[in-house]
Amino acid sequence: MKTFLLLITVLLFALPSALAEETVAKTAKLDEHKFGKAEFLQATSTGQKKAGSSVKGTLWFDAENKNVNFLQESGTPALTIKYDAIKNITYEKASKPRMAEAVLISPLFLLSNSKKHYLTFQYTDETGQGKYAIVHLDKKNARDAVACAEAQTGKKVEQIDEK
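Glancing now at the side chain of Asp 138. When you line up the elements, Asp 138 lands in the loop between β7 (130–137) and α3 (142–153). With no salt bridge to any partner, buried Asp 138 finds its closest opposite charge in Lys 37, at an N-O distance of 5.0 Å. Not counting residues up to four positions away in its chain, the partners in contact with Asp 138 are Gly 36 and Lys 37.

Okay, here's the thing in structure tokens:
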């Protein structure tokens, strides 16, 4: 009887935790190509990043459909690029002095720079016309997004570090 109760107890506790780990592993596998806290900067026809509007959301490399997607916070896609249409990918780390903080808070802020991380996709659309898509990445996942872009698309990411 004790053996039977022990067996039932083990099954009641071990089985749900094993199933939960399997579910977590599947979910993690799906989410490993998503990079949140990103911002899609809609470029103008001349390619300037400041002139267009921006959309906050998630950069997602969809390995199943072989697409790079930018999902708005609502979940609707703002941009979809097929891997085959991508001609070039550039990662840029831009830095600038923190002037406003130095004036408002402390002059010591002049000794540090704010850094922004951009991933630029050069691609051709369905009509064969060349286009650019610029995504501002969060500093916490920028390097992971660059590595994922290289791994998923098969294209070498050109890295530009501004000083």
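Attention shifts here to the pattern of salt bridges. Under the counting rule described, the total for this entry stands at two salt bridges. Taking the shortest distance from any N to any O, the salt bridge between Asp 125 and Lys 131 comes out at 4.0 Å. Ionic pairing is found between Glu 150 and Lys 156, a salt bridge with its closest N-O pair at 3.6 Å. When its relative accessible area of 26% is taken as the criterion, Glu 150 is described as partly exposed. Relative accessible area serves as the criterion here: at 65%, Lys 156 is assigned to the exposed category.

Time to look at the pairing of strand β2 (residues 54–62). In this structure, strand β1 (residues 34–41) lies alongside β2, joined through six bridges in antiparallel fashion. In the strand pairing of β2, Lys 34 is matched with Trp 60. One ladder, built from six bridges, connects β2 with strand β3 (residues 67–72); its direction is antiparallel. Pairing of Asp 62 across the sheet is with Asn 67, part of β3. Joining the antiparallel neighbours β2 and β3 is a turn of four residues, in which Lys 66 adopts a positive phi near 55 degrees.

Conventions and cut-offs
- Residues numbered from 1 in each chain as written.
- Predicted model: local features only at pLDDT ≥ 70, side-chain atom pairs only at ≥ 80, totals over all residues.
- Heavy atoms only, no water.
- Helix = DSSP H or I, 4+ residues; strand = E, 2+ residues; numbered from the N terminus.
- Buried < 20%, exposed > 50% of the residue type's maximum accessible area, 1.4 Å probe, protein only.
- Lys, Arg positive; Asp, Glu negative; His and termini not counted.
- Salt bridge = Lys/Arg side-chain N within 4 Å of Asp/Glu carboxyl O.
- Contact = heavy atoms within 4.5 Å.
- Pairing = 2+ DSSP bridges.

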